[in-house]
Amino acid sequence: MSTMTDPPKADFRLSMLINDTRYRSLTFQVIAAIVIALSIWYLGNNLIQNLRAAGLNISYAFLGDSAGYDINQRLVEYDSQSSHARAALVGLLNTLLVAFLACITATVFGVIAGVLRLSNNWLVSKLMAVYVEIFRNIPVLIWIIIIFTIMTAVLPAPSAFRGENPTSSMLFGSFAFTNRGIYFPRPEFANGLFASTALNWLLVIAVLIGSWFVSGEVEKRATKKQEETGERPATLLPKLAIWLVPFVLLMIIMGLTWDVPELKRFNFSGGLNAGGPLIALWFALSIYTGAFIAENVRAGIQAISKGQTEAAAALGLRQGRIMKLVILPQALRVIIPPLISQYLNITKNSSLAIAVGYADITATLGGITLNQTGRAIECVLLLMLFYLTASLLISTGMNIYNASVKLKER
């Protein structure tokens, strides 16, 4: 009779860190981490020593000094006596504004162009192919300059709206399209529930978010009943009521009024203004990135087997409903990952705004503030921190959305 025993374990030796495959990978990772840490320490220490030798030091006290320059396009109160920190905040909000608007419109352009490029209509398909090839193969900076130049050359000056026989007139008496930008009415609350305008708008946003959740619950219940009985209850009117009734009641209670722009001495006053640089940058980023998104959409749709389309057609579904109910939901798992990169590109390409005078974060903090104070290192570090944070937040949000819509394995 024999017994099985475990082989004796070898004693650990330092040479095993290199020769033993169980420890070799970990050893090289630790060495690489130490080298990287030492390199960062050396570069940082070298920077501090050189700054000290030049009589300089890293300080952000300059952010509290008066900026001394004006910014035309702004979402918060600001004047030339405001601090550099306030100017940087205005630039940051301007960057987020144009990035947000461009992400939405680029997605719309891209989805439409991507779907139409697969159309059976030869002319429509070729027109979309021309759009994609022209816009994605020419640098976005050139498109920004072209659109801004066309806008300032074609649209009338504010003086064209003056006089007994003006050559231009406001659309519906409320919208003015000029070479300086678009002027349109601004909503105001005569009986706001809060003293702060920002809090009143946060209340409006909260009501809309609540309507969105309730509308989603109505949709889920309708789907559940359809699965149980085979009949889907009508949800259009209930969902319209959920969206409109609370919103309209809130507007009546808060006394919604409109501040319509009026032509004063040399320009329009009152209302809201979307300046020419903002519109040019927004439109250029949208059509340029939309061409890339169109290719992503086309690739996602073509990744779905034709058998899916044929099976849906055999059930009697029309082409539009096949695309909406069968193809696009499955294509999203292919479309969304590259879509994240396009959104990141929009955010980073918005730094080209300085070419047309749009005051984004690069133009304010990385441009005028840097030149006035000479604090290049501090300004560049803040810019890097902003773009890194914005990119990580966009990636995180889109990855969460991607996980929520991807196919669930049973």
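Being a predicted model, the structure only gives us computed values, none of them experimental.

**Notes on the UniProt feature "domain: ABC transmembrane type-1" (unreviewed entry) in the protein**
On the UniProt side, "domain: ABC transmembrane type-1" (unreviewed entry) is annotated at positions that read residues 92–398 here. Between the first and last C-alpha atoms of residues 92–398 the distance is 21 Å; the span itself is 68% helix and 7% strand.

**Focus on the sheet that holds strand β7 (residues 272–275)**
Paired through backbone hydrogen bonds, the strands of a sheet run either parallel or antiparallel to each other. Here we have three strands laid out as an open sheet, ordered β1-β2-β7, and antiparallel in their pairing. A single partner strand is all that each edge strand has here, and the edge strands are β1 (176–178) and β7. Strand after strand, the sheet turns through a mean of 15 degrees between neighbouring axes, direction not considered.

**Examining the pattern of salt bridges**
Under the defined criterion, the tally for this structure stands at 12 salt bridges. In this structure, E188 and R186 form a salt bridge, with 3.3 Å as the shortest nitrogen-oxygen distance. Given a relative accessible area of 31%, E188 falls into the partly exposed group. On the basis of relative accessibility, which here comes to 30%, the residue R186 falls in the partly exposed class. One network of salt bridges, in which partners are shared, links R117, E133, R136, E295 and R298.

**A few points about the confidence of the model for the protein**
Predicted confidence across the protein gives a mean pLDDT of 88, with 96% of residues reaching 70 or more. Across the protein, element-level confidence peaks in helix α3 (residues 84–116) with a mean pLDDT of 93 and bottoms out in helix α1 (residues 16–19) with 80.

**Quick notes on unusual backbone geometry**
Notably, F172 is not glycine yet its phi reads approximately 55 degrees, a positive angle. When you line up the elements, F172 lands in the loop between α5 (140–154) and β1.

**Some thoughts on the UniProt feature "transmembrane region" (unreviewed entry) in the protein**
UniProt tags residues 23–43, 96–119, 140–161, 193–215, 236–258, 278–297 and 380–401 as "transmembrane region" (unreviewed entry). The annotated region residues 23–43 carries 100% helix and 0% strand content, and the separation between its end C-alpha atoms amounts to 31 Å.

**What about the pairing of strand β2 (residues 181–184)?**
The pairing of β1 with β2 spans three bridges and is classified as antiparallel. When the bridges of β2 are listed, A176 appears paired with Y183. Hairpin remark: β1 followed by β2, antiparallel, with two residues in the connecting loop.

**Concerning the packing of helix α11 (residues 361–373) against helix α12 (residues 376–405)**
One way to put it is that α11 packs onto α12 with a least axis distance of 9 Å and a crossing angle of 175 degrees. Taken together, the axes of α11 and α12 are roughly antiparallel relative to one another. Where α11 abuts α12, its residues I361, T362, L365, G366, T369 and L370 lie against A376, C379, V380, L382, L383, F386 and Y387. Along the lines of polarity and charge, the residues of the contact of α11 with α12 split into 10 nonpolar, three polar and no charged.

**Regarding the packing of aromatic side chains**
Following the criterion strictly, the structure yields 10 aromatic pairs and no others. Ring geometry for F109 against F283: centres 6.4 Å apart, planes inclined by 90 degrees, an arrangement best described as edge-to-face. With F109 in helix α3 and F283 in helix α8 (residues 276–302), this pair connects stretches of sequence that are 174 residues apart. A relative accessible area of 30% means that F109 is categorised as partly exposed. Taken together, the aromatic side chains of Y131, F135 and W143 make up a single cluster linked through ring pairs.

Scoring rules and cut-offs
Residues numbered from 1 in each chain as written. Predicted model: local features only at pLDDT ≥ 70, side-chain atom pairs only at ≥ 80, totals over all residues. Heavy atoms only, no water. UniProt positions renumbered as here; feature names shortened; annotations may be inferred. Helix = DSSP H or I, 4+ residues; strand = E, 2+ residues; numbered from the N terminus. Pairing = 2+ DSSP bridges. Axes fitted to C-alpha atoms, helices over the stretch in contact; angles between N-to-C directions. Salt bridge = Lys/Arg side-chain N within 4 Å of Asp/Glu carboxyl O. Buried < 20%, exposed > 50% of the residue type's maximum accessible area, 1.4 Å probe, protein only. pLDDT = per-residue confidence, 0-100. Parallel < 35°, antiparallel > 145°, perpendicular 65-115°, else oblique. Contact = heavy atoms within 4.5 Å. Nonpolar A, V, L, I, M, F, W, Y, C, P; charged D, E, K, R; others polar. Phe/Tyr/Trp six-rings, centres within 6.5 Å; stacked < 30°, edge-to-face > 60°.

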